[in-house]
Protein chains: 2
Amino acid sequence: MRDVAIIGIGMTDFGEMWNDSLRDLFVKASLEAMDDAGVDHIDGLVAGCMSPGLFAGQEHIGSLMADYLGQAPIPGVRVESACASGGMALRTGIAYVASGMHNVVLCGGVEKMTDVSGAQATYALATAADQDYEAFHGVTFPGLYAMMATAHMHKYGTKREDLAQVAVKNHDNGLLNPHAQYRMKITVEQVINSVKVADPLNILDCSPITDGAAAVIICPLEMAKKMKKKPVVKISASTHATDTIALHQRDDITWLKSTAEAAAKAYKMAGVKPEQIDFAEVHDCFTIAEICVLEAMGIVKKGEGGKATREGLTARDGKFPVNPSGGLKSKGHPVGATGIAQIHEIVTQLRGEAGRRQLKRARRALAQNMGGSGGSAVVHILEVL
Amino acid sequence: MRDVAIIGIGMTDFGEMWNDSLRDLFVKASLEAMDDAGVDHIDGLVAGCMSPGLFAGQEHIGSLMADYLGQAPIPGVRVESACASGGMALRTGIAYVASGMHNVVLCGGVEKMTDVSGAQATYALATAADQDYEAFHGVTFPGLYAMMATAHMHKYGTKREDLAQVAVKNHDNGLLNPHAQYRMKITVEQVINSVKVADPLNILDCSPITDGAAAVIICPLEMAKKMKKKPVVKISASTHATDTIALHQRDDITWLKSTAEAAAKAYKMAGVKPEQIDFAEVHDCFTIAEICVLEAMGIVKKGEGGKATREGLTARDGKFPVNPSGGLKSKGHPVGATGIAQIHEIVTQLRGEAGRRQLKRARRALAQNMGGSGGSAVVHILEVL
């Protein structure tokens, strides 16, 4: 099994991109990544996209993107794991490179979500939940995460303010990210007084509906070392785990089993302990999600995610910065693109190219990308050589 | 890169499966494959499915199936390449095994198409075409393949009867397949007089709308040899290629470039010539497709696919049997399952378990699975050791 490295990154601005179609977004991010890597040909392409059928009436994304990128007849495939589709695209690309089937592979993610109505978008997103037992009965994602939040508050004494602090902290970071959808400072009071979505979650606890794409170029580590254009970023671990996609089937709805499983495997694969990770990009689709993720990844003990956030552990100048990019909350959440955008931020930080939001310690970092309410989780650990 | 073998196969009946949901179908085929392989645990799962969002309101298929198969938290992902999603699931699983990331992987395909109206199904299928330049203007798949047929007839003198003969031959085969959706003999006259869909294609030139699933279990070849439960089927080649998904962008709409590219690479990878292949399962979504595929795979010369069919080359007792299973035409075409069902038939034949439809020579065979009007093509070559 060959070691794999990242040699190029690219992403579009995230937001309501009225002038760019699904294919435009993917191609823009991909061309930037190819330019950054200094390659004009790729051997294969993996596109992460959650529901282009429901959002844009277009499946067959792998071939479409290979063609519009001027790279057909290269193999081009789409992978889907709901909101973890981006992370899965990278993991699948790694399998292609590690196996020796391909050398230079583009792993991209894209979603064009604003061309449909809000109701249609909510329906499309709810297809990541269990259609027969959740969506059919009218539960959508804010409702599912609201139940997780309520249980967490009840079980561990997590405060409403702790949830709000996740959003406040991520907006503080996103303010410094030129690609972010919502570059504005918010306060705990604003979050708590914003319009109710599903109690206890308000609109400022929720990540937005977003258009956007991101792409990375990977190749065998040995090949990357020879290219030496920019600092080489090695992929030390790539793991994936699943859980029931329906909440009612879980022993404990505050515990993200798939994330716990994927993270534990990733630490083992990379040969590191959680305390050896400098920072992380995690899946804060709702404020409660980031709190549960911190616990499942073993960064804090069970039940202490809210307290840790309140005490500043995860702030940009804290001991373990989380979501320096602004996270899904501020940067935006084009679902299929999110997992790759996380990698984009990590590589930017590891190379020391993050400008005003550059972290002091940035040698090794973790990306956690999640599908649905935790039905799937993909974890990557990256380090700069 | 490790060699990979197939150690288990399973499939549901194909047809209108009113009593089985999307997940029921997948799990049924998967349990049969696991039983056939003699394994009660798998390390990973790849599900090929074209558009569960549009057909069943359900994405996040990889996790859902891993869970309902009782295998969570194993990694479970969905891949999509339109009607080539099944073939892509196998190819992706091969990458996972070949790389060493996993040992025993289940590659399945599924589609539940009959729970929506005919119009909705036609819309869902059209998302495999170019939404902006084809589907948006009202062209659906029968129309696209009708244009290919018209061009082929004009350019090469292919006769209406030649197209019909593909359907007649595949129904002759499907009659002997207990899993097939339409087990009935038809005649050239019946095809030519059946109701018009898109001139020159009639209803009996088209594959049907179908529910169904199929699954195979793969593992490293060396591991398979040690298990020795049944004849070991080695995967000698696995290739994938893309083309423009829109017909108007092609130099020649009678030439399936992605199939030609994938087949040429597959012959090279397996170290064989086309004449060393005993038989094939190919993507006859419309009668003209099988004719074009024969040419692109180099089985016959350009333009001679119709003539070869008329002369019996591809019949069950011909020199190069094609679609002994009944093909998409008679067996049915649950789009995401088709690529895996082709593999199911080939393994059944290679093991000598095909009963009344058993071919005389069955040592090495090829599967060709295609997305859209040829925007993607996946080719596998299998041989029994």
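Remember, predicted model here, so these are calculated numbers, not experimental data.

*Asks:* How would you summarise the overall build of chain A if you had to cite specific residues and measurements?
*Replies:* Looking only at helices and strands, chain A has 14 helices and eleven strands in total. Its C-alpha atoms give chain A a radius of gyration of 19 Å, near enough to 21 Å, the size a compact globule of 385 residues would have. Counting only C-alpha atoms, chain A reaches 55 × 45 × 35 Å along its principal axes. Summarising the internal contacts of chain A: among those between residues at least 6 apart in sequence, 78% fall at separations of at least 24. Counting every atom, chain A has about 12,200 Å² of accessible surface; 52% of that belongs to carbon and sulfur.

*Asks:* Kindly report on the domain arrangement of chain A, identifying the contributing residues and their values.
*Replies:* By a widespread convention, an interface's size corresponds to the accessible area lost as its parts come together. Residue and element names in this part refer to chain A. Per the domain assignment, the segments of chain A are domain 1 (4-116 + 210-227) and domain 2 (118-207 + 235-384). Computed over C-alpha atoms, the centres of domain 1 and domain 2 are 22 Å apart. Domain 1 puts 46 residues into the contact, and the matching count from domain 2 is 40 residues. In total, about 3,300 Å² of surface goes out of reach between domain 1 and domain 2, with carbon and sulfur atoms giving 69% of it. In this structure, the connection of domain 1 to domain 2 is made through one salt bridge. The closest approach of N and O atoms between Asp 36 and Arg 351, which form a salt bridge, is 2.8 Å. Where domain 1 packs against domain 2, one counts 13 residue pairs in polar contact (both at pLDDT 80 or more). In terms of residues, the side of domain 1 that touches domain 2 owes the most to one element, strand β1 (residues 4-11), which gives eight residues. Residue classes in the side of domain 1 that touches domain 2 are distributed as 26 nonpolar, 13 polar and seven charged.

*Asks:* Account for the relation of the copies chain B and chain A, with residues named and values stated.
*Replies:* Superposing chain B onto chain A takes a rotation of 180 degrees combined with a translation of 0.0 Å along the rotation axis, leaving an RMSD of 0.0 Å. Taken together, the rotation angle and the small translation identify this as a two-fold axis. When each C-alpha of chain B is compared by its distance to the rotation axis, Ser 99 of chain B comes out closest, at 1.8 Å. A share of 100% of interface residues in chain B that are also interface residues in chain A marks the association as one of identical surfaces.

*Asks:* Pulling in residues and values, what's your account of the environment of Asp 13 of chain A?
*Replies:* All names here are of chain A. If you trace the backbone, Asp 13 turns up in the loop between β1 and α1 (22-37). When its relative accessible area of 38% is taken as the criterion, Asp 13 is described as partly exposed. Separated by 259 residues in the primary sequence, Asp 13 and Val 272 place their C-alpha atoms 33 Å from one another. Beyond its immediate stretch of four places on either side in the chain, Asp 13 contacts Pro 178, His 179, Asp 211 and Gly 212. For Asp 13, the side chain forms a polar contact with the side chain of His 179, separated by 2.9 Å.

*Asks:* Hey, could you go over helix α11 (residues 287-296) of chain B for me, with residue numbers and the actual values?
*Replies:* Three or four residues apart is the spacing at which side chains of an α-helix point the same way, because the helix has 3.6 residues per turn. All names here are of chain B. Across the ten residues of α11, ten count as buried, placing the element largely inside the fold. When α11 is considered as a whole, its buried residues turn out to be Thr 287, Ile 288, Ala 289, Glu 290, Ile 291, Cys 292, Val 293, Leu 294, Glu 295 and Ala 296. Note on α11: the residue one or two positions beyond its end, Gly 298, has a positive phi of about 75 degrees.

*Asks:* Break down empty space enclosed by the protein for me, with residues and values.
*Replies:* All names here are of chain A. This model, assessed by the stated rule, comprises four cavities of 30 Å³ or more. Considered as a void within the structure, the largest cavity measures approximately 80 Å³ in volume. Around the largest cavity, the lining residues are Ile 6, Ile 7, Ala 37, Ala 224, Met 227, Lys 228, Lys 229, Lys 230, Pro 231, Val 232 and Arg 351. Broken down by secondary-structure element, the contributors of at least two residues to the lining of the largest cavity are β1 and α9 (221-227). Looking at the lining of the largest cavity, its residues break down into seven nonpolar, no polar and four charged.

*Asks:* I'd like a description of the pairing of β1 of chain A, backed by residues and values.
*Replies:* Residue and element names in this part refer to chain A. Counting buried positions along β1 gives eight out of eight residues, so the element sits mostly inside the fold. Where β1 lies against strand β8 (residues 233-242), three bridges are found, and the strand directions are antiparallel. Looking at the pairing, Val 4 lines up with Ile 235 of β8. By the bridge criterion, seven bridges tie β1 to strand β7 (residues 211-220) in an arrangement that is antiparallel. Within the sheet, the bridge partner assigned to Ile 9 lies in β7 and is Val 216.

*Asks:* Hey, could you go over the environment of Thr 254 of chain B for me, with residue numbers and the actual values?
*Replies:* Residues and elements named next belong to chain B. With respect to the helices and strands, Thr 254 occurs in the loop between β8 (233-242) and α10 (257-270). You can call Thr 254 buried: its relative accessible area is 2%. For the pair Thr 254 and Cys 292, spaced 38 residues apart in sequence, the C-alpha separation works out to 6.5 Å. Residue contacts for Thr 254: discarding those within four places in its chain leaves Met 148, Ala 151, His 152, Lys 155, Tyr 156 and Cys 292. One polar contact links Thr 254 to Asp 252, side chain to side chain, over a distance of 2.7 Å.

*Asks:* Report on unusual backbone geometry, specifying residues and quantitative values.
*Replies:* Here Ala 72 of chain A and Pro 73 of chain A are connected by a cis peptide whose omega angle stands at 15 degrees. In the segment running from Asp 199 of chain B into Pro 200 of chain B, the intervening peptide bond is cis, with an omega of 10 degrees. With respect to the element layout, Pro 200 of chain B can be found in the loop between β5 (196-198) and β6 (201-202). The backbone of Ala 82 of chain A shows a phi angle near 55 degrees, a positive value even though the residue is not glycine.

*Asks:* So, the interface of chain B and chain A: which residues are in play, and what are the values?
*Replies:* Facing 59 residues of chain B, the contacting portion of chain A comprises 59 residues. The tally of links from chain B across to chain A stands at six salt bridges. Between the two partners, chain B and chain A, sit 32 residue pairs in polar contact (both at pLDDT 80 or more). If you tally residues by element for the side of chain B that touches chain A, the top one is helix α4 (residues 85-99) of chain B, at eight residues. Split by residue class, the side of chain B that touches chain A holds 27 nonpolar, 22 polar and ten charged. Of the pairings in the sheet, the one linking strand β3 (residues 76-80) of chain A to strand β3 (residues 76-80) of chain B comprises three bridges and is antiparallel in character. Residue Val 79 of chain A lies in a different strand from β3 of chain B, and its bridge partner there is Val 79 of chain B.

*Asks:* Lay out the pattern of salt bridges with the relevant residues and their values.
*Replies:* Residue and element names in this part refer to chain A. Applying the stated criterion across every chain, the model contains 48 salt bridges over all chains. Residues Asp 162 and Arg 310 are paired through a salt bridge, measuring 2.7 Å at the closest nitrogen-oxygen approach. Note that Asp 162 is positioned in helix α7 (residues 160-174) and Arg 310 in helix α12 (residues 305-310), a separation of 148 residues in sequence. A single salt-bridge network, built from bridges that share partners, covers Asp 36, Lys 230, Arg 351 and Glu 353.

Reading guide: rules and limits
- Residues numbered from 1 in each chain as written.
- Chains lettered and ligands numbered in written order.
- Predicted model: local features only at pLDDT ≥ 70, side-chain atom pairs only at ≥ 80, totals over all residues.
- Heavy atoms only, no water.
- Helix = DSSP H or I, 4+ residues; strand = E, 2+ residues; numbered from the N terminus.
- Rg over C-alpha atoms; globule rule 2.2 N^0.38 Å.
- Contact = heavy atoms within 4.5 Å.
- Areas by Shrake-Rupley, 256 points an atom, 1.4 Å probe, with all protein chains shown as cover.
- Domains from an automatic or database assignment.
- Buried area = accessible area lost by both parts, 1.4 Å probe.
- Salt bridge = Lys/Arg side-chain N within 4 Å of Asp/Glu carboxyl O.
- Polar contact = N/O pair within 3.5 Å; in protein donor to acceptor, adjacent residues only side chain to side chain.
- Nonpolar A, V, L, I, M, F, W, Y, C, P; charged D, E, K, R; others polar.
- Least-squares fit on C-alpha atoms with pLDDT ≥ 70 in both.
- Buried < 20%, exposed > 50% of the residue type's maximum accessible area, 1.4 Å probe, protein only.
- 1 Å grid on protein atoms, 1.4 Å probe; cavity = no way out; pocket = protein on both sides within 12 Å on 5 of 7 lines; lining within 4 Å.
- Points joined across faces, edges and corners; volume = space filled by probe spheres on them.
- Pairing = 2+ DSSP bridges.

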